[in-house]
Amino acid sequence: MAKLTKTEARRRRHRRVRRKVHGVAEFPRLCVFRSSKHIYAQIIDDDQGITLAAASTLSAELKDAGYGGNVEASKRVGALIASKAVEAGVRQVVFDRGGYAYHGRVKALAETARKNGLEF
């Protein structure tokens, strides 16, 4: 069996987790994607197939904040996604880390979202 690349291993973990993690109207899914330069977060209702709120380091509110591939940028995105979720009437979510380790930028986004009003 050939060894998986880092990206293939992450995608495999994400597919495995997504079999169990499913966002519904009462508890939508907070999905995180990170690239080397940016981080993205979406709150998704999987039953209806709609995105309730989205934020990233490319969002208009954060675009001038500087480099988007570090922990500080993740904290800004976490605060923004939490405020947009509360605005949309969402308080509780299911966290989908996207196959990434709960460490660094992913952890910073999640903890900041919790501090700003989201529960998961």
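Counting starts from 1 at the beginning of each chain's written sequence and moves along it residue by residue. Per-residue local features of the predicted model are confined to residues with pLDDT of at least 70, and side-chain atom pairs are confined, for both listing and counting, to 80 or more; whole-chain, interface and lining totals are unaffected and use all residues. Processing note: side-chain calculations cover all non-hydrogen atoms of the structure and skip hydrogens and water entirely.

Participant: Explain the nonpolar core to me, and be specific about the residues and the numbers.
Facilitator: The biggest cluster of nonpolar side chains holds 22 residues, and the ones touching the most others in it are Leu30, Ile43, Val77, Ile81 and Leu118. Starting at the N terminus, helices and strands are each numbered in turn, a helix being any DSSP run of H or I of at least four residues and a strand any DSSP run of E of at least two. At the level of secondary structure, the elements contributing two or more residues to this core comprise β1 (29-34), β2 (39-45), β3 (50-56), α2 (71-87) and α3 (105-115). For this core, the element with the most residues is α2, which contributes 5 residues. Contact criterion: two residues are considered in contact whenever any of their non-hydrogen atoms come within 4.5 Å of each other. Aside from chain neighbours lying at most four places away, what touches Leu30 is Ala41, Gln42, Ile43, Ile81, Val93, Val94, Phe95, Asp96, Leu118 and Phe120. Definition used in this section: a nonpolar core is a set of buried Ala, Val, Leu, Ile, Met, Phe, Trp, Tyr and Cys residues joined via side-chain atoms within 4.5 Å. Burial classes: relative accessible area under 20% of the type maximum marks a residue as buried, over 50% as exposed, and values in between as partly exposed (1.4 Å probe, protein chains only).

Participant: Got a sec to walk through the sheet that holds strand β4 (residues 94-96)? Specific residues and values, please.
Facilitator: Strand order in the open sheet formed by 4 strands is β3-β2-β1-β4, with mixed pairing between adjacent strands. Unpaired on one side and paired on the other, β3 and β4 mark the two borders of the sheet. Averaged over all adjacent pairs, the angle separating strand axes in this sheet is 20°, with direction ignored. Two elements, β2 and β3, share 6 bridges in a ladder whose sense is antiparallel. When the bridges of β3 are listed, Gln42 appears paired with Ala54. As a rule, the C-alpha atoms of each element are fitted with a line to give its axis, helices using only the stretch in contact, and angles between N-to-C directions run from 0 to 180 degrees. Along the sheet, α3 makes contact with β1, β2 and β4, crossing β1 at roughly 145°. Two strands qualify as a pair provided that DSSP identifies no fewer than 2 bridges between them.

Participant: An account of the confidence of the model for the chain is needed here, citing residue identities and associated values.
Facilitator: When pLDDT is averaged along the chain, the result is 95; 99% of the residues meet or exceed 70. For every residue, the predictor reports its confidence as pLDDT, a number between 0 and 100. Mean pLDDT across the elements of the chain ranges from a minimum in helix α1 (residues 6-18), with 95, to a maximum in α3, with 98.

Participant: Give a description of the packing of aromatic side chains that names residues and reports values.
Facilitator: Classification of ring pairs uses Phe, Tyr and Trp, with its six-membered ring standing for Trp, and accepts pairs whose centres are within 6.5 Å; under 30 degrees between planes counts as stacked, over 60 as edge-to-face, and the remaining range as tilted. As enumerated under the stated definition, the model contains 4 aromatic pairs in all. Seen in terms of ring centroids, Phe95 and Tyr102 are 6.1 Å apart; in terms of plane orientation they differ by 85°. Their pairing is edge-to-face. In this structure Phe95 comes out as buried when scored by relative accessible area, which is 17%. An aromatic cluster of at least three residues, connected via ring pairs, comprises Phe33, Tyr40 and Tyr100.

Participant: Give me the pattern of salt bridges: which residues, what numbers.
Facilitator: When a carboxyl oxygen of Asp or Glu is within 4 Å of a side-chain nitrogen of Lys or Arg, the pair counts as a salt bridge. Overall, the coordinates contain 5 salt bridges when judged by the stated rule. Salt-bridge contacts for Asp46 lead to Arg29; the nearest nitrogen and oxygen are separated by 2.9 Å. Taken together, the residues span a long stretch of sequence, with Asp46 in the loop between β2 and β3 and Arg29 in strand β1 at a distance of 17 residues. Take Asp46 and Arg29: they sit in the same class, and that class is buried. Two residues, Glu72 and Lys75, come together in a salt bridge whose shortest N-O distance is 3.8 Å.

Participant: Summarise the layout of surface pockets; cite the residues concerned and give the values.
Facilitator: The gaps of empty space that remain are located by a probe, the size of a water molecule, rolled over the atoms. Using only the protein atoms, space was sampled on a 1 Å grid; points where a 1.4 Å probe fits but cannot get out form cavities, open sets with protein on both sides within 12 Å along at least five of seven lines form pockets, and lining residues are those with an atom within 4 Å of a point. Grid points are joined across faces, edges and corners, and a volume is the space filled by probe spheres set on the points. Considered as a void within the structure, the largest pocket measures approximately 160 Å³ in volume. Taken together, Lys6, Thr7, Arg10, Arg13, Arg34, Gly99, Tyr100 and Ala101 make up the full set of residues lining the largest pocket. Only Asp, Glu, Lys and Arg are considered charged, only Ala, Val, Leu, Ile, Met, Phe, Trp, Tyr, Cys and Pro nonpolar, and every remaining residue, Gly among them, polar. When its residues are assigned to classes, the lining of the largest pocket shows 2 nonpolar, 2 polar and 4 charged.

Participant: Please set out the side chain of Arg29 residue by residue, giving values where relevant.
Facilitator: Look at Arg29 and you get buried, because its relative accessible area is 6%. A distance of 2.9 Å separates a polar atom in the side chain of Arg29 from a polar atom in the side chain of Asp96. Among residues more than four places away in sequence, those in contact with Arg29 are Arg18, Val21, Gly23, Gln42, Ile43, Ile44, Asp46, Val94 and Asp96. We define a polar contact as two N or O atoms separated by no more than 3.5 Å, with the added condition that, inside protein, one atom must be a possible hydrogen donor and the other a possible acceptor, whereas residues neighbouring each other in sequence contribute only through side-chain atom pairs.

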